[in-house]
Amino acid sequence: MRRSKIEERTKQMAFLKNVWYCAGFSHELDDAKLLGRKLVGEHVLIYRTESGEAVAMSNVCPHRFAPLSEGHRYGDNVSCPYHGLEFNAEGQCVRNPNGDKGTLTDLKAPRVARLKSYPLEELWGILFIWMGKPEKADTSLIPDFSMTEERPGHRTVFGFHKLDAHYELAVDNLMDRTHVQFLHPRLNLGTDFRDDFERRYSTEQIGDEIWDYHCELNAPRMPLTAILWPEAPELMEYYFDVRWNAPGHMLLDAGSVAANTDRKIGSHTPGANMVTPIDEHSCYYFWNNCRDSNLDSAEADKGLQHGITDTFANEDGRMVAMCQEMMDGETDLLSMKPLLLPSDEAAVRARRVIARKLREEAEEEAREAADNGALEAAE
Amino acid sequence: MRRSKIEERTKQMAFLKNVWYCAGFSHELDDAKLLGRKLVGEHVLIYRTESGEAVAMSNVCPHRFAPLSEGHRYGDNVSCPYHGLEFNAEGQCVRNPNGDKGTLTDLKAPRVARLKSYPLEELWGILFIWMGKPEKADTSLIPDFSMTEERPGHRTVFGFHKLDAHYELAVDNLMDRTHVQFLHPRLNLGTDFRDDFERRYSTEQIGDEIWDYHCELNAPRMPLTAILWPEAPELMEYYFDVRWNAPGHMLLDAGSVAANTDRKIGSHTPGANMVTPIDEHSCYYFWNNCRDSNLDSAEADKGLQHGITDTFANEDGRMVAMCQEMMDGETDLLSMKPLLLPSDEAAVRARRVIARKLREEAEEEAREAADNGALEAAE
Amino acid sequence: MRRSKIEERTKQMAFLKNVWYCAGFSHELDDAKLLGRKLVGEHVLIYRTESGEAVAMSNVCPHRFAPLSEGHRYGDNVSCPYHGLEFNAEGQCVRNPNGDKGTLTDLKAPRVARLKSYPLEELWGILFIWMGKPEKADTSLIPDFSMTEERPGHRTVFGFHKLDAHYELAVDNLMDRTHVQFLHPRLNLGTDFRDDFERRYSTEQIGDEIWDYHCELNAPRMPLTAILWPEAPELMEYYFDVRWNAPGHMLLDAGSVAANTDRKIGSHTPGANMVTPIDEHSCYYFWNNCRDSNLDSAEADKGLQHGITDTFANEDGRMVAMCQEMMDGETDLLSMKPLLLPSDEAAVRARRVIARKLREEAEEEAREAADNGALEAAE
Ligand code: FES
Ligand code: FES
Ligand code: FES
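Only a predicted model underlies this, so the values are computations on that prediction, with no experimental measurement involved.

(A) Quick look at the interface of chain B and chain A. Contact with chain B, which involves 33 residues of that partner, is made by 33 residues of chain A. For the pair chain B and chain A, the summed buried area comes to about 2,900 Å², and 62% of that belongs to carbon and sulfur atoms. Linking chain B to chain A there are three salt bridges. Note that Asp328(B) and Lys38(A) form a salt bridge whose closest N and O atoms lie 3.1 Å from each other. Scanning the region where chain B abuts chain A turns up eight residue pairs in polar contact (both at pLDDT 80 or more). For the side of chain B that touches chain A, the element with the most residues is helix H5 (residues 298-326) of chain B, which contributes seven residues.

(B) Quick peek at the packing of aromatic side chains. Taken as a whole, this structure holds 33 aromatic pairs over all chains when the rule is applied. Look at Tyr285(A) and Phe312(A): their rings are 4.0 Å apart centre to centre, the planes differ by 25°, and that puts the pair in the stacked class. Remark: Phe312(A) occurs in helix H5 (residues 298-326) and Tyr285(A) occurs in strand E19 (residues 282-291); sequence separation between them is 27 residues. Side by side, Tyr285(A) and Phe312(A) carry an identical accessibility label, which is buried. Among the aromatic side chains, those forming a connected cluster through ring pairs are Phe25(A), Phe158(A), Phe160(A), Tyr284(A) and Phe286(A). The ring of Tyr284(B) is capped by Arg37(B), whose NZ or CZ atom sits 5.3 Å from the centre of that ring.

(C) Spatial organisation of H5(B). All names here are of chain B. The terminal C-alpha atoms of H5 lie 40 Å apart, and with 29 residues this matches the ideal 42 Å at 1.5 Å per residue to within 8%. Of all the bends in H5, the greatest measures close to 40° and is centred on Phe312. For H5, the side-chain oxygen to backbone nitrogen distance between the N-cap and Glu299 is 3.2 Å, and the N-cap itself is Ser297. Phi turns positive one or two residues past the end of H5, at Asp328, with a value near 50°.

(D) Representation of the side chain of Asp176(A). Looking at the element boundaries, Asp176(A) is found in the loop between helix H2 (167-174) and helix H3 (180-183). Here Asp176(A) sits buried without a salt bridge, and the closest side chain of opposite charge, Arg177(A), lies 7.0 Å off (N-O distance). A distance of 2.8 Å separates a polar atom in the side chain of Asp176(A) from a polar atom in the side chain of Thr178(A). The contact partners of Asp176(A), leaving out residues within four places of it in the chain, are Ser343(A) and His83(C).

(E) Spotlight on the interface of chain A and chain C. Counting residues at the interface gives 33 residues for chain A, matched by 33 residues for chain C. Counting the surface lost from both chain A and chain C, the interface buries some 2,900 Å², and carbon and sulfur atoms represent 62% of this. The interface formed by chain A and chain C includes four salt bridges. Between Asp172(A) and Arg64(C) there is a salt bridge; the shortest N-O distance is 3.0 Å. On inspection of chain A and its partner chain C, the count reaches eight residue pairs in polar contact (both at pLDDT 80 or more).

Parameters at a glance
- Residues numbered from 1 in each chain as written.
- Chains lettered and ligands numbered in written order.
- Predicted model: local features only at pLDDT ≥ 70, side-chain atom pairs only at ≥ 80, totals over all residues.
- Heavy atoms only, no water.
- Contact = heavy atoms within 4.5 Å.
- Buried area = accessible area lost by both parts, 1.4 Å probe.
- Salt bridge = Lys/Arg side-chain N within 4 Å of Asp/Glu carboxyl O.
- Polar contact = N/O pair within 3.5 Å; in protein donor to acceptor, adjacent residues only side chain to side chain.
- Helix = DSSP H or I, 4+ residues; strand = E, 2+ residues; numbered from the N terminus.
- Phe/Tyr/Trp six-rings, centres within 6.5 Å; stacked < 30°, edge-to-face > 60°.
- Buried < 20%, exposed > 50% of the residue type's maximum accessible area, 1.4 Å probe, protein only.
- Lys NZ or Arg CZ within 6 Å of the ring centre and 35° of its normal.
- Expected span 1.5 Å × (residues − 1).
- Bend = angle between axes of the 7 residues up to and from the residue.
- Lys, Arg positive; Asp, Glu negative; His and termini not counted.

Put into structure tokens, the structure is as follows:
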């Protein structure tokens, strides 16, 4: 009986809660902006306080449910766009401009009103939000994306997209390198995909972290290599290594280097690829790309920015949305018994980690509920 | 058991039936127009007969459910746009052009076919429709909007909007004056809203009628006052008194008058503000505005017409639709346990009257069903 | 108990399965095209092999559900647009370009992967698909549309539309001739529809085939007759005879001939009118029109093509979509108790045949399930 209850609970919880999700980028909070974003089924408000701290809280005013992101800022406070309730950076209501004395100067506020506030961490230009119980938020669980931060000798470009598909379809896409030759012919070597220089790939799981390695050896130089590394030789090694952490954090450690070297000579372009559910049928895909070559080239900036944006909007994003549509409303891929290919190993391992973690969360919740029951009975 | 059945019935009936709703304006029936409108979940056809009477009936042809409002008029009859069944102003089918003799001249009509007809009253340029049992329609229950009728010394402008929100969210909006300074900065005094001249407000309930009084005393003249009353002094009193009757009838009795007078010197602009549900997720907002000053000014006509339209489309309508969206599909606001503020008194009283009336309708229906059962058993 | 189970099954099966549906036209498969189309709730891929045979299979890749119609052809094989799995014309997976040896030349394919394949017949330029059990597909059940085929002395034009309505509403529309004068005033005689020359109509049912006869005797020549038959006399006979076969196949046998002849002198324009469900709320309407007069006239081609397209898009299609909308989401017309008119005889007979066939399919399935159970028990 216990078991079936946990299974039911697991099913209800469509998304992991006690994990970090990407909520966007630091630069999105410039100019005192109030950023409203639906993440993991919840409406979230994010902004930067005057002291520079990024904070996150519910974007839903408890009065009549107006989106606070449409309101105004007064210092670190946000006033609701509808009737002006004012909340501080902890989400506490601190002012009701329409108090019961009938004048605007009445500062009496409903002290009981408090917005749900979310742990928010800002690292390497990326915003990470914790959607579960705040007391469980542990910043050591944030995957390392330091190698994608803009710093001397490195230049980073950014972007994000809304995809009309369940977030796991987007993770599948990013964990898989075999689609490149079919879905992205322009990114391919400009040769027929049946061509046949050496490729190597392998998958490795270390705890709950999954690595998918892929490289092309002794491959001819691609046209777009010239943008990143004008001095590239004719014989190249291209590598794309993907590191996954639950639920949707992928480091895409990629580079174009001289063939038969130790990968040090060439252009390195690691990027953070982070997928965050909006709801059961859509998700955000946040990405950055940090290069260590041709840094001051506006052409390289633009080429990467437009190239990645275009690829996602018209190729990957379009494809995962089409797959979602062919699924006729179903969001649980595995329930549709898909064919498993050897190349799916990384994606399937990721799905298994997510499934196990969902189960663990359900068990934990059941245990806590039981403990609370015991506590209450004892009192 | 009786109780739970009534509660169930109350829940099923999302909208009050035995009340008058605004269906539109008299001028919408000009030029023999067939007006098709979805009101309180039902498709309604409204038109004016040749003798001048406005009539309402189902807009759904009983044959294949074509919208009769797309058809043609022959005198007081309406013919269906699809196969030409003709209905008279009582909704009775009077002609089937495709009779069983196989010629067009066969006038045999299915006498059994009769459209549901609705009591419709036309008062002060406004159309009021009764969605409940016709025998219960009592015109004395129509709230008085005579003060908004165009007549010598008075000029009235009109408009309506479709709002993507449950009608009670629109009633909340109209019953609340505190949002003006936040949502309508242009309508405000052009000053920072923290400014601080005297405001007074109070709420009063007389039976099921609710009054919400609001005035600004010794306030500086607003820019837009000049349009209505070019001779306005520098020190003004602005009043906005709202009278509410179930389910969505609001008289907005407003004016701009000289400060410290008996409100007689100045410009008076009462308006009818009437909200009618379309379905659970949308509603119509009908409004008029009747002024007693600057009557012949096309600028005043246009200023009011455009100003009110613009305010509703871009400010109130946009806001209630955003709130509805933040509620993620929920339409029953109270089930979401909103924060109650002192300024909500009028809106909350209105919701309570609606809730009680819904319960009364459910009880009445249960009683009638029981009586009918007893009657049948006796026969 | 058996009975109620069959009724439940009948209800679940919204559409007949063991029948032929129109899937499109032969010319849609020109230029090696991969045609993806949703038919009777299933995603179907149709194409022509190099030997000229038209084949149909599931359009959903079993790997990640990408639409194969977005992929590429290699001879008679189709490769998935996402990860390149290749399927042959029987739907068998024959190649995985991303095999487990890690190179592109690995041809190992998951032999277990096989797309559902559908019997497809190509007759008279029309594609017919069988959505039920393949072993039951019997080509003798395809209704005869040979008279609509382009051949010496005959010229055929084609078209199709997507209608936002349940397919039976479209069948109703096509089985009914009485709407012409109301919905298509341009197709009428340019006279007031109350005019009164002789019309005759009758309905006949032969087994499960229904004929609806309609003609106008001694009618004045219509303007559009001149396009088809420039030498037409002033006194005409117009006939429209509709033959229906389940579920949505209608031969519209129409012509404009000299009055009081044996129908041999004049212009004959039989057409296939075929309605295929997409899902519960939409359908395809496929049509052709084959004339035996004025064959080389580009004006006649264009007039028919544009005229029929325009009529369906703006008149019939618009009307059935409006009716569907007035039904507020209900798709089962009869459950809404529509008024029946004498002119509905043909359409009602068609609905009764469909309902009986749905019941028969449910019974057959129940019987087969029972037999299988007995078989399994015996083993
Ligand atoms: S909705 Fe925010 S203060 Fe009213
Ligand atoms: S739908 Fe109105 S007459 Fe047929
Ligand atoms: S979805 Fe078709 S091969 Fe992967």
